[in-house]
Structure formats: C-alpha cells, structure tokens
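Structure assessment
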Amino acid sequence: MLPRTPFYYYDTALLQATLDAITSTVAAYPHFHVHYALKANANPKLLRLIQQAGLGVDCVSGGEVQVGIDNGFDAAKIVYAGVGKSNEEILLALQHDIFCFNVESVPELEVINELAEQVGKVANVCLRINPDVEAHTHAHIVTGKAENKFGIALGDMMHVIDLAKTLSHIRFLGLHFHIGSQITDMQDYLDLCERVNDIQDHLNEEGVYPSVINVGGGLGIDYHDPDKHPIPDFKTYFGIFADHLHLRDGQSVHFELGRSIVAQCGTLIARVLYVKQAESKQFAIIDAGMTELIRPALYQAHHQIQNISSQSIDYQIYDVVGPICESSDVFDRDVLLPPIKRGDLIAIRSAGAYGETMASTYNCRKLPASYTTEDFPLPLT
Ligand code: LLP
C-alpha cells in the first residue's frame, strides 16, 4: 500500500549516477573541489550518498553547518556564505574549524575577527565579490549583479582585502563568486571566467595572490524534459572553468552545486482530490500545494506534471492547482494530461532541489514525508 500523499519520492540510483558523473569528471582536475549546496535539499537519505561521494558542503546558516556536521561531512570541506551571519552562527563555524567563511561585508569581516580572537582561533576567509556579471535566469535568483544584496562591490575589493590582511584573526584565502541559479547559458560562466581573470591580473599587480577561487554554483537543469536530461552536462560545465580560468600555481577552484546534483532525482507525488469543471476551465485539484513545492508560485517555475495513474493518450487540458487559500497556488495552467479522475496519482517532476527544503506549514498543514526508491519501487500506482 502506498503511503499517505503528498510526499517526496527520491530516486537514489539517479542521485548516485549524478554523483558518479561529477566525481569522474572532477577526477581529471585534482585542484577542483565540489561543495554540495545544502540549501537545495537537506534530506539525510540524500546527504548520506553525497557525503559518501566525498563532496564537501556549502552552507548559508548555522543550522546548515550543524546539519553538515551531523551528517558526517568533513568540517575541513565546509564553506559558509550568507549576508547575515549571527554571532552564534559564526562561533559554531569557528568551533568546528570549517574550511572557509565566504564574507559578504566589512562589518561582518570585523565581527568574525573579533569572535575568532575571543575563542583563540584564526578564521579562514574568502571575500565574496559581486562580479557584476549577468546571469540569464529568473530575477529572483540572480545574485551577481551590482544591485543585488550579495557580496562586496568590485570597486571596494582592494580596500577590503587590505583590511583583511591587517586583521590578526583573519587568514585571507581568496575570492568567492556566485552569479545566480538555474543558469543554462554557458556563456554566463565564460563571462564569469573572464571577469575572474581580469580581477586576478589586477590583484597580482597589487601584490595579492589568492590561493582559493570559489566560483559558486548555479548550473541549471532541464525542467521541461527531465527524462531526456536526467543528468546535467557536468563535462561541459567543469570543462569551461578548466579551459578558461587562468590559474596561478597552487590555486584551488571550488564549486558550490546544489540544484544540478539533486533536482532530477526528486518527484513530488500527490493525489487528485477533485476535478472541477468551471465555465472556461477544467481544474485538477490535488492534495499537494505551494506548501510542499513553492517554486511555481514564487518564481513562475515550470515543473513537468504527469498523471501516473493513466496510460490513456486521449489528452485533456487542465489547470493543476493545490488546496491552499492563495490564488497563486497553481502548479501549471493548460496542461495536457490523460483524463484525470479523483484518486489518480500526479507526479510533479524535477522537485528534488528547493522543494522539500522550502516546504512550509502554512494553513496548518503537515510537512511532507519523504521516501526513496529503496522504500518502495516504481511504478507507484
Ligand atoms: N552558492 C551560493 C552562494 C548560493 O547562494 C546558491 C544558491 C548556491 C551556491 C547553489 O546554487 P545552485 O547550484 O543550487 O543553483 N530557491 C531557488 C534557488 C535559490 C538559490 C539560492 N542560492 C529556486 O528554487 O530556484
């Protein structure tokens, strides 16, 4: 018997194949280090495989640092970004001797220095530089433009590096960049490489030699046809950085990939509660809503929707909506699906990244359960 819907269902074989694709590609570049962006999915069942593959983690809160540690990740492979790190969070990261803080402002740098002095440690630091590079993606997930709240402006970089070098409990390691998320145009990464090359040339003229270059994450996935592209093209992605970044001796390159690792292995499974015929529309009302997967409501994101209870090819047009009291609680409009009836199972694909982690209890709903292919096999009907 199938568990109560809605729930997340993860294909662990696909996650493993995705991890294998990453580790086999990166094996050719021993100076490349991949940190999994924990914010994409913190489900322990997935973290176990990611940790076993030898990846580090990229965190954006003390909670994530703790989850990383609790799930066996090596603190020496933890990077920690975020514009608003609290004292408590900084102390936690210092206590665990994480690899590096990605620092986003001068006041934050000063606070980390003070707290490190208090506990007798020296904090490893990369400065997050806002490279002002365009990322062609949804406006809500662009981060590397001058108007975004993230990072230190290029024009202030030299002054902040000089400051970092004077602080007794800060060890300046290098630079961090992250231009955005769901980036499918590889030109954006070429532009980032060029910008980093210019910055490095400038820094070397000033006598500054960073040992770490962290290029963030953001590699996009195919939301329209997950079965055609279950695993992103990591060869091309890493190859761009291998071919175009002008590295100095001894430099390491760090990556913070989230979505591209976990998105395609996750599916949100829901049941149809009602089919409602309105004047000009047919609504399929399902038992999952924006509380389980907020991406369509928040970013107008597209996820492929399937009626996995029917093999019919006599397609009809539906608006697939959730039960939440918000007009934006719509998964997609005018979707062509086999005829839907009450009780049918609906699969919302490519939901492994920023699905479960962004779930909420709005409307006093329960957080969704999760299962893997090891708990019960496909097909689910
Ligand atoms: N590094 C930093 C500093 C980040 O801010 C992010 C994502 C990543 C790495 C990982 O990016 P990824 O490889 O997953 O694209 N909730 C949104 C995405 C927000 C991304 C936030 N930062 C969504 O559902 O599309």
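Nothing here was measured: the structure is a model prediction, and the numbers come from that model.

**Details of the packing of helix α7 (residues 186-205) against helix α8 (residues 234-244)**
Taken N-terminus to C-terminus, the directions of α7 and α8 make an angle of 25 degrees; their axes are 10 Å apart at the nearest point. Judged by the inter-axis angle, α7 sits roughly parallel to α8. Between α7 and α8 the crossing geometry is right-handed. Seen from α7, the contacting residues are M186, Y189, L190, L192, C193 and N197; seen from α8, they are T236, Y237, I240, F241 and H244. Tallied by class, residues from the contact of α7 with α8 come to 8 nonpolar, 3 polar and no charged.

**Overview of the environment of H303**
One can find H303 in the loop between α10 (295-299) and β13 (305-307). Residue H303 is classed as buried on the basis of its relative accessible area, which comes to 2%. Along the chain, H303 and T267 lie 36 residues apart, while their C-alpha atoms are 9.8 Å from each other. Non-local contacts of H303, meaning those with residues more than four positions away in its chain, are made with Y223, L293, R295, P296, D332, I348, R349, S350 and A351. A polar contact of 2.9 Å, which involves the side chain of H303, links it to the side chain of R295.

**Some thoughts on the nonpolar core**
For soluble globular proteins, the rule of thumb is that nonpolar side chains tend to be buried together. Counting 98 residues, the largest nonpolar core has Y36, F101, L127, L175, F238, F241 and I261 as the members making the most contacts within it. It is α7 that contributes the most residues to this core, 6 residues altogether. Mapped onto the domain boundaries, this core takes at least three residues apiece from domain 1 (12-262) and domain 2 (264-372). If sequence neighbours within four positions are ignored, F101 has contacts with Y80, K85, I90, A93, L94, I112, A123, N124, V125 and C126. If you look at the next biggest cluster of nonpolar residues, it comprises 7 residues, including L2, F7, I269 and L345.

**Let's talk about the side chain of S350**
Tracing the backbone shows S350 in the loop between β16 (345-348) and β17 (369-372). Looking at S350, the relative accessible area reads 1%, which means it is buried. Apart from the residues within four sequence positions on either side, S350 is in contact with I221, D222, Y223, P226, A263, Q264, G266 and H303.

**Remarks on unusual backbone geometry**
A cis amide bond links T5 with the next residue in sequence, P6, at an omega value of -5 degrees. Examined against the element boundaries, P6 turns out to sit in the segment before β1 (7-10). Not every positive phi belongs to a glycine, and D132 is a case in point at roughly 55 degrees. In this structure, D132 sits in the loop between β6 (123-130) and β7 (152-153). The class for D132 is partly exposed, based on a relative accessible area of 35%.

Cut-off values and rules
- Residues numbered from 1 in each chain as written.
- Predicted model: local features only at pLDDT ≥ 70, side-chain atom pairs only at ≥ 80, totals over all residues.
- Heavy atoms only, no water.
- Axes fitted to C-alpha atoms, helices over the stretch in contact; angles between N-to-C directions.
- Helix = DSSP H or I, 4+ residues; strand = E, 2+ residues; numbered from the N terminus.
- Parallel < 35°, antiparallel > 145°, perpendicular 65-115°, else oblique.
- Left-handed = near helix turned anticlockwise from the far one by under 90°.
- Contact = heavy atoms within 4.5 Å.
- Nonpolar A, V, L, I, M, F, W, Y, C, P; charged D, E, K, R; others polar.
- Buried < 20%, exposed > 50% of the residue type's maximum accessible area, 1.4 Å probe, protein only.
- Polar contact = N/O pair within 3.5 Å; in protein donor to acceptor, adjacent residues only side chain to side chain.
- Core = buried A, V, L, I, M, F, W, Y, C linked by side-chain atoms within 4.5 Å.
- Domains from an automatic or database assignment.

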